[in-house]
Amino acid sequence: MSSRVTPFTGAPQPQAAPAPAHERLALSHRPRRNRKSEWARRLVRENVLTTDDLIWPIFVVAGENRRDPVASMPGVERLTVDHAVREAARAAELGIPCLALFPYTDRALRDEAGSEALNPDNLVCRAVRAIKKEVPEIGVLTDVALDPYTSHGHDGLMRDGRILNDETVAVLVKQALVQAEAGCDVVAPSDMMDGRIGAIRQGLDEAGLLDVQIMAYAAKYASAFYGPFRDAVGSSATLTGDKRTYQMDPANGDEAIREVGLDLDEGADMVMVKPGMPYLDIVHRVKTTFGVPTFAYQVSGEYAMIRAAADHGWLDGEKAMIESLLAFKRAGADGVLTYFAVAVAEKLKASAWR
Ligand SMILES: NCc1[nH]cc(CCC(=O)O)c1CC(=O)O
Ligand SMILES: [Mg+2]
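Residues numbered from 1 in each chain as written. Chains lettered and ligands numbered in written order. Predicted model: local features only at pLDDT ≥ 70, side-chain atom pairs only at ≥ 80, totals over all residues. Heavy atoms only, no water.

The subject of this paragraph is the pattern of salt bridges. Going through the model one piece at a time under the given rule, you end up with 22 salt bridges. Measuring nitrogen to oxygen at the nearest pair gives 3.1 Å for the salt bridge that ties Asp242 to Arg244. For Arg244, a relative accessible area of 63% translates into the label exposed. The network of salt bridges with common partners includes Arg67, Glu77, Glu87, Arg90 and Glu346. (Salt bridge = Lys/Arg side-chain N within 4 Å of Asp/Glu carboxyl O. Buried < 20%, exposed > 50% of the residue type's maximum accessible area, 1.4 Å probe, protein only.)

Here it is in structure tokens:
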């Protein structure tokens with residue numbers, strides 16, 4: 001038997017000579033013991049990141065056989081539907097459970113009311129149909145909100161500079177139905193209007209779409225970290241003002257618990273906290289308070305920060321990516337929407353062969 005094959009025999013690890021007795025601290029606890037080697041660290045590890053935890057957001061654009069880079073998100077591209085289908089197949093192959101689709105809408109198709117959102121043949125619906133036809137085994141989540149479609153870049157209808165709530169909800173119900181009829185598996189309202197979860201659930205149920213899940217962007221903050229996303233969907237160019245009358249104040253925590261409670265009462269199957277890294281306290285509170293499927297969105301600005309620093313050689317991008325995602329698991333998230341999804345899945349697959 002080869003003497004090198006000894007990992008299961010309890011062979012002692014090489015150790016430094018112990019300090020002379022008179023220099024030793026009389027400690028009954030030495031937490032470092034459980035960190036002394038890789039096997040010991042693995043044995044006591046509390047959380048793991050797996051490919052099952054990942055939702056991959058992708059941007060789609062009209063046309064054929066094109067991939068347009070997003071300048072503020074190095075490594076992220078807007079994909080025409082044919083490429084999106086190919087990427088969906090790659091993601092499924094890697095074991096990623098779900099994609100989230102976001103459209104870049106032509107400027108000419110944007111109007112005050114965001115009416116392209118209700119076109120059953122809009123870009124998102126075409127992408128959903130193509131992906132579900134070619135790659136039926138992957139989950140497809142669509143975003144319910146009007147911002148990629150409105151000329152003013154807001155998530156809802158606007159009158160006299162104000163975002164209307166109830167009128168917007170009526171449109172969001174129609175938007176969710178259009179997406180569900182195209183075949184999406186999950187609708188994810190990201191608009192933060194009050195009462196939209198209940199209205200969308202009722203609309204889906206009345207249409208017989210009982211199996212379409214709702215992932216509510218329940219605690220979504222008015223954040224500076226969405227900047228690169230707005231470049232990707234073209235709403236940084238259109239957005240007038242900010243979203244603070246509907247998205248949450250970053251100063252608030254208790255309010256997130258109330259918001260999540262309302263969305264659950266209204267029928268949300270899963271809830272989300274967004275952004276991610278600066279809001280891990282909220283993720284943790286939501287999970288411990290409600291014990292429901294809880295997701296976090298590692299948003300575009302978080303991706304851009306890690307990528308930019310890594311591209312400058314200022315940090316190890318791969319390690320920072322894994323550490324940041326593991327932190328979501330530790331905080332209590334059941335899964336994470338992340339632009340790193342494919343990179344992580346590839347890394348996890350490679351390490352499974354170790
Ligand atoms: N309904 C808009 C929407 N859906 C997802 C994101 C942000 C995602 C990201 O930054 O990665 C946003 C931006 C916003 O609210 O302005
Ligand atoms: Mg709400």
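Alright, that's what it looks like, and here's the rest.
On to the side chain of His152. Looking at the element boundaries, His152 is found in the loop between strand E5 (139-144) and strand E6 (158-159). At 3.0 Å, the side chain of His152 forms a polar contact with the backbone oxygen of Glu112. The residues contacting His152, other than those within four sequence positions of it, are Glu112, Met158, Thr238, Leu239 and Thr240. (Helix = DSSP H or I, 4+ residues; strand = E, 2+ residues; numbered from the N terminus. Polar contact = N/O pair within 3.5 Å; in protein donor to acceptor, adjacent residues only side chain to side chain. Contact = heavy atoms within 4.5 Å.)

With that settled, the discussion passes to the pairing of strand E12 (residues 335-338). Of the two faces of E12, the one holding Gly335 and Leu337 and the one holding Val336 and Thr338 are both buried throughout. As defined by bridge partners, strand E1 (residues 54-61) adjoins E12 across two bridges and the pair is classed as parallel. Residue pairing for E12: Ile55 is matched across the bridge by Leu337. Bridge analysis of strand E11 (residues 294-298) against E12 gives four bridges, and the strand direction is parallel. (Pairing = 2+ DSSP bridges.)

Let us look at unusual backbone geometry. For the bond from Lys274 to Pro275, the omega torsion is -5 degrees, close enough to zero to count as cis. One non-glycine residue, Asn65, adopts positive backbone phi at about 50 degrees. With respect to the secondary-structure elements, Asn65 resides in the loop between E1 and strand E2 (67-69). The class of Asn65 is exposed, set by a relative accessible area of 54%. Within the chain, Asp160 stands out as a residue other than glycine whose phi angle is a positive 50 degrees.

Before going further, it helps to spend a moment on the site of ligand 1. Lining the immediate surroundings of ligand 1 are 18 residues, of which Ser190, Arg230, Lys274, Ser300 and Tyr339 lie closest. Here Asp155 contributes a side-chain N or O atom positioned 2.9 Å from a nitrogen atom of ligand 1. Within the side chain of Tyr339, a nitrogen or oxygen atom sits 2.6 Å from an oxygen atom of ligand 1. Here ligand 1 loses 100% of its free accessible area of 400 Å² to cover by the protein chains. Considering only residue class, the shell around ligand 1 consists of eight nonpolar, three polar and seven charged. (Near = heavy atom within 4 Å. Areas by Shrake-Rupley, 256 points an atom, 1.4 Å probe, with all protein chains shown as cover. Nonpolar A, V, L, I, M, F, W, Y, C, P; charged D, E, K, R; others polar.)

Here we come to the packing of helix H8 (residues 254-265) against helix H9 (residues 280-290). Between H8 and H9, the shortest axis-to-axis distance is 10 Å and the interhelical angle comes to 50 degrees. Taken together, H8 and H9 sit at an angle that is classed as oblique. Where H8 crosses over H9, the handedness of that crossing is right-handed. Side by side, H8 and H9 meet where Asp254, Ala256, Ile257, Val260, Gly261 and Leu264 of the first sit next to Ile282, Arg285, Val286, Thr289 and Phe290 of the second. The residue makeup of the contact of H8 with H9, split by class, is seven nonpolar, two polar and two charged. (Axes fitted to C-alpha atoms, helices over the stretch in contact; angles between N-to-C directions. Parallel < 35°, antiparallel > 145°, perpendicular 65-115°, else oblique. Left-handed = near helix turned anticlockwise from the far one by under 90°.)

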